[in-house]
Structure formats: C-alpha cells, structure tokens
Amino acid sequence: MFSKEVYSRRRETLLGKLRTAGESGIVLFIGNAEAPAQYRDNCYKWRQDSSWLYYFGLDEPRYAAVLDIESGREVIYADDVDIDDIIWMGPQPSVQSLAESVGVAHTAPYGKVDEDVAAARKAGRKVHYLAPSRYFNTLRLMELIGRARVDLGVSRPLTEAVISMRLVKEDIEIEALDAACALGYEMHSVARDSIVPGIVEQDIVGKMEGVALSKGWGVSFPTILTQHGETLHNHIHDKVIEPGKLMVIDAGVEANSHYASDFTRTYPTSGKFSGKQKDVYEIVLASHELAFSLTRPGITYREVHLAAARRTLEGLSALGIVRGDLDEMVALGIAGLFQPHGLGHNMGLDVHDMEDLGEDLVGYDPDQKRAKQLGLGSLRMARRLVPGHVITDEPGIYFIPALIEKFKNEGLGKDFVNYALLESYYDFGGIRIEDDVLVTPSGARRLGPKRLPATVADIEEAMRR
C-alpha cells in the first residue's frame, strides 16, 4: 500500500476529470469478494480488484465505496469482524481505521450501500460504475442499479477517466514495477538453471513458482513453459525435457504490491543452439531490439509492431522461407503466419493492464481502429506512446503446422511463402523474447535492475554455468 495522500490525490483527480467532462452523480466502486472453489470455506486465492486497489488500496474482501461527484464526499462500506471471525482470523483492524489509512473519513456497514445507491437513483442522479470482471460484482451491480444487463450501463466517462490515469505510471508505481521485475529475473534465472534433459517440465515450474510465492504474491498469470512453443499459451507441463528442443518460458511475478512482471526467454534444452535454431533466434532478437530502439514518445506502438514485423520478414527472406517485396508482405499480413499475436500489451497492476475495462479502450487511441489481419489484429497496445507507459516488447517466430497448412490450402501468400521449405520446420517449435519496457521522456528503458540474458552467446554462457 502507498501513503494515504496517494489514494486521496488519485480520487480527487478522478472526480476532477469527471467534473471537467460535465458529469454529475455518484461513482460506485465494488471491491471483490472471496470466491468458493468447491465449498464456501475453501476459496480460490484471494485477489482484489485492480481499480479498487488503485483508488483505495485496501486489500480486503467485501468492500464498496461511493464518491459524490458534486460534493466530493467519500464513503467506504464494509463490516467490522464479529467474534466468530476473530476466532478464525484473530483480531482485525476496524473498517474506520482502514478507511482513514487511505484518506476516507466516512464509513458505513456494507449493506448501507444499497440504501445510498437507491436514494441516489430515486433522486434521478446518475450512477457511474466500471465494467465488472467477477460474477459477484456483476450480481451486486444488478441488485444495486436494477438492471439485468449491467454492461449496458457501464459509464464511458468513468472508464475513460480511469484508463487515462492508470495508463501513465507514477514514480511510485515504476518503483513497484522495477521490484516486480527483479523478482521476475530471479524466477526466470531459477528456471533457466533447472533445464536438464530427462526431467519433467513440471519440476521447473514448481521451482519457479516457489520463488514467486516465497517473495511475492505469486505468479502474475499461469506459467507458460513448454518445448512446444508453437502453441502460444501452452500451460501443459507434463513433457520430459528432450535434448535438441527449444524451451519457451513465458512467466511473471506479481509482487506483494500487486504490480506485475512478464518476461519470456527461449532456451536450447541441450545448452547450445543448433545452426537452424540460432538462425531463427537471431531474427527474433533483431526484431526485439529494433522494437526497443524505436520505442519513444510520439510514435504509435502500431508503427513499432509493423517495423518489427518487417524486420522479421527480412530475416525469413534471408533464410528463403519468404520472398518478395517486404513492404508488400507487411501490408498483406504475411508476418501473421509466423507471429499471430501483437508486439505487446500494457502492464501494471494487471499483467494485461486494465483489459477488463475494454481492450480497445485501453490499447487504442480514439483515432485508431483495430486491424483484421492475423497478428496485427491481435495487437493489444497500439496507442501513441507517452512517458509513463509500461508495455511489453515480445516478438516471436512460430512454425504452426496447422496454420501453415491452412494458409497453403487457401492459397494465402502463395506468391510470397516457400511452403515446400516450411515443411522442414514443422517440428521446430517456436521462439519468443520478451522484456518489460518503460517509455521515458527521451526514449525507453527496460524495467528491472538487470536484464535476463538475451543474445545467443549470453544464453549459452548462462546455461553452461
């Protein structure tokens, strides 16, 4: 948690943005509740709603809040523990003391939020709320606002105001992200040092996630660790490590602050890249480094994606896998055959920051539209960059037999793609390289105190040690 002044200032700024936009009424925030896994007393691991954390910081279940846009009055709604709770949980701080710790003077029992929202609605006042991501929050909103379809009443002005604030990270957030990346570095180093032919992938995942749990909240998303990197989100860890394969490890730590890291590295399971593996790896690394060099205020991340895609096609052309005019291939979306995902996404309190509020609202400027091309159409962050944006830089090359066959059978790219040569890559797998990047006033820097080995020489040396 940050100081109470941080949360008070954020809420004041939010209300100021809404007033400037000509809005009135109340802002309703609903924190998460615990969610039973099998039965009421055995719940999924607790995680608070990120927007709640951003404006209130209180990491407790069953909290709600109302902000009055006109008067500025703030109320937190929650219940103090009773003796039954104390028996199982021990003494707990009062709701009033917790509210005061984040600069909120007024509190009320949790059930009182129903009365206060109902009174606001009866008076004809607008109730602003964000899109819910949990079923509990959806049901509570249905009760509070009297709508069967809560998505129809989501406040666009509130959503845009929240996005505008959370997109640009404050210095204290950047410190938290650097710390999360330091843990991510440690977790990935443990993983790399554990790659030994003959063991099961799950053994490595256990060691990695042990770091995340012993020093942070846990992983920031389900760990991807696989010798089948052509499957982009492969969460199956039951394979025995074989020599001569490529191991893609895409994983992040969520620190106790709840800020996230997200790194990807690709390792040769034998400790050294084969000639073929090295050739493709160098192409991905060149695209990765180009993207980082282009990242600066004023450029759109869509432009960076397209430049990295062109560099990938240039490298594949040198290998004889594609042929023809590079710009024409970029325009036709040929790069999507080899990288069917975007270059990167926003990152912060969520590893895909704020995508619960709407991926296009978060990742696209008002004058931008999402493309329909494979690859470019999956770009989660396309905006014009400004200092304080935190994004991932994660190009890749994947040889996905089913996708290649689909393109070939449909005659897609037949004038540009050497499908006969591609058949020799069907057992190759995939390669991805990812760093977390902060946009600075003069360019960009990678987050974290140290960078994971990325060059062929550095990776092979690290694995040799």
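For the structure, see preceding data.
Q: Sorry if this is basic, but what is going on with the nonpolar core here?
A: The tendency in soluble globular proteins is for nonpolar side chains to be buried side by side. Within the largest apolar cluster, 56 residues are counted, with the highest numbers of intra-cluster contacts made by Val322, Phe338, Phe399 and Leu422. With near-sequence residues (within four places) excluded, Phe338 lies in contact with Leu316, Ile321, Val322, Gly396, Ile397, Tyr398, Phe399 and Leu422. Leu18, Tyr63, Ile174 and Met347 belong to the second-largest nonpolar core, a separate cluster that totals 49 residues.

Q: What am I meant to see in unusual backbone geometry here?
A: Residues apart from glycine generally show negative phi values, whereas peptide bonds are mostly found in trans. Phi at His258 is positive, roughly 80°, even though this residue is not glycine. On the secondary structure map, His258 appears in the loop between β11 (253-254) and β12 (263-268). The exposure class assigned to His258 is buried, which follows from its relative accessible area of 4%. The phi torsion at Met354 lies on the positive side, around 70°, for a residue other than glycine.

Q: How do you make sense of the packing of aromatic side chains when you look at a structure like this?
A: Between two aromatic rings, the relevant description is the distance of the centres plus the angle of the planes. Throughout the structure, instances matching the rule amount to twelve aromatic pairs. An angle of 65° between the planes, with centres 6.3 Å apart, marks the rings of Trp52 and Tyr63 as edge-to-face. With Trp52 in helix α2 (residues 50-55) and Tyr63 in the loop between α2 and β4 (64-68), this residue pair connects regions lying eleven residues apart in the sequence. Aromatic side chains Phe338 and Phe399 sit 6.2 Å apart centroid to centroid with 75° between the ring planes, which places their arrangement in the edge-to-face category. Residue Phe338 is found in the loop between α12 (326-332) and α13 (359-363), and its partner Phe399 is found in the loop between β14 (396-398) and α14 (401-409); the two are separated by 61 residues along the sequence. Sitting above the plane of the Tyr425 ring, Lys276 keeps its charged end 4.1 Å from the centroid.

Q: What am I meant to see in the sheet that holds strand β5 (residues 74-77) here?
A: What links the strands of a sheet is backbone hydrogen bonding, and the strands pair in either a parallel or an antiparallel sense. Pairing is mixed across the open sheet formed by five strands, whose spatial order is β6-β5-β4-β1-β7. Only two strands of the sheet have a single neighbouring strand rather than two, namely β6 (106-108) and β7 (127-128). In the sheet, β5 pairs with β6 via three bridges, with the strands oriented parallel. Note that in β6 the partner of Ile76 across the bridge is Thr107.

Q: What should I look at first to understand the environment of Ala78 in this one?
A: Examined against the element boundaries, Ala78 turns out to sit in the loop between β5 and α3 (83-89). The spatial distance from the C-alpha of Ala78 to the C-alpha of Leu452 is 44 Å, given a sequence separation of 374 residues. When sequence neighbours within four positions are dropped, the list of residues in contact with Ala78 reads Arg62, Tyr63, Val95, Ala108, Pro109 and Tyr110.

Q: I tried to follow the layout of surface pockets on my own but got confused; where do I start?
A: Here the largest pocket is characterised by a volume of approximately 880 Å³. The wall of the largest pocket is formed by 23 residues, among which Glu34, Pro61, Arg62, Asp85 and Met89 lie closest to the centre. Of all elements in the fold, only α3 and α4 (95-101) reach the threshold of two or more residues within the lining of the largest pocket. Sorting elements by how many residues they give to the lining of the largest pocket places α3 first, with four residues. Per-class residue counts for the lining of the largest pocket are 13 nonpolar, one polar and nine charged. Counted as a void, the second largest pocket has a volume near 500 Å³. Around the second largest pocket, the lining comprises 20 residues; the ones closest to its centre are Arg47, Ser220, Glu254, Asp350 and Val351. Its residues assigned to classes, the lining of the second largest pocket shows seven nonpolar, six polar and seven charged.

Q: Got a minute to help me understand the pairing of strand β16 (residues 435-440) in this structure?
A: Working note: regular strand, side chains alternate between the two faces of the sheet. Burial within β16 is extensive, with six of its six residues counted as buried. Because side chains alternate across β16, one face comprises the buried residues Asp435, Val437 and Val439, and the other comprises Asp436, Leu438 and Thr440, equally buried. Bridging between strand β13 (residues 390-393) and β16 involves four bridges; their strand directions are antiparallel. Of the residues in β16, the one forming a bridge with Thr392 is Asp436. Examined bridge by bridge, β16 and strand β17 (residues 443-446) share four bridges and lie antiparallel to one another. When the sheet's bridge partners are listed, Leu438 is paired in β17 with Arg445. Hairpin connection from β16 to β17: two residues lie between these consecutive antiparallel strands.

Q: What is the right way to look at the side chain of Asp436 in this model?
A: Within the secondary structure layout, Asp436 lies in strand β16. Only 2.9 Å separates the side chain of Asp436 from the backbone nitrogen of Asp262, close enough to count as a polar contact. In contact with Asp436, other than residues within four places in its own chain, are Cys181, Ser261, Asp262, Phe263, Met347, Ile391, Thr392, Arg445, Arg446 and Leu447.

Q: For this particular structure, what's the right way to read the packing of helix α10 (residues 275-294) against helix α11 (residues 301-318)?
A: How two helices sit against one another is set out by the angle between their axes and by the gap between those axes. Look at α10 against α11: their axes get within 9 Å of each other, and the N-to-C directions meet at 155°. For the element pair α10 / α11, the angle class is roughly antiparallel. Judged by the twist between their axes, the crossing of α10 over α11 is right-handed. Contacts between α10 and α11 involve Ile283, Ala286, Ser287, Leu290, Ala291 and Leu294 from the former and Val304, Ala307, Ala308, Arg311, Thr312, Gly315 and Leu316 from the latter.

Q: Whenever I open this one, the sheet that holds β16 confuses me. Can you help?
A: Here we have three strands laid out as an open sheet, ordered β13-β16-β17, and antiparallel in their pairing. Lying at the two open borders of the sheet, with one neighbouring strand each, are β13 and β17. Across the sheet, the mean angle from the axis of one strand to that of its neighbour is 40°, orientation sign disregarded. On top of the sheet, α10 reaches β13, β16 and β17; it is set at about 130° to β17, its chief contact.

What counts and how
Residues numbered from 1 in each chain as written. Predicted model: local features only at pLDDT ≥ 70, side-chain atom pairs only at ≥ 80, totals over all residues. Heavy atoms only, no water. Core = buried A, V, L, I, M, F, W, Y, C linked by side-chain atoms within 4.5 Å. Buried < 20%, exposed > 50% of the residue type's maximum accessible area, 1.4 Å probe, protein only. Contact = heavy atoms within 4.5 Å. Helix = DSSP H or I, 4+ residues; strand = E, 2+ residues; numbered from the N terminus. Phe/Tyr/Trp six-rings, centres within 6.5 Å; stacked < 30°, edge-to-face > 60°. Lys NZ or Arg CZ within 6 Å of the ring centre and 35° of its normal. Pairing = 2+ DSSP bridges. 1 Å grid on protein atoms, 1.4 Å probe; cavity = no way out; pocket = protein on both sides within 12 Å on 5 of 7 lines; lining within 4 Å. Points joined across faces, edges and corners; volume = space filled by probe spheres on them. Nonpolar A, V, L, I, M, F, W, Y, C, P; charged D, E, K, R; others polar. Polar contact = N/O pair within 3.5 Å; in protein donor to acceptor, adjacent residues only side chain to side chain. Axes fitted to C-alpha atoms, helices over the stretch in contact; angles between N-to-C directions. Parallel < 35°, antiparallel > 145°, perpendicular 65-115°, else oblique. Left-handed = near helix turned anticlockwise from the far one by under 90°.

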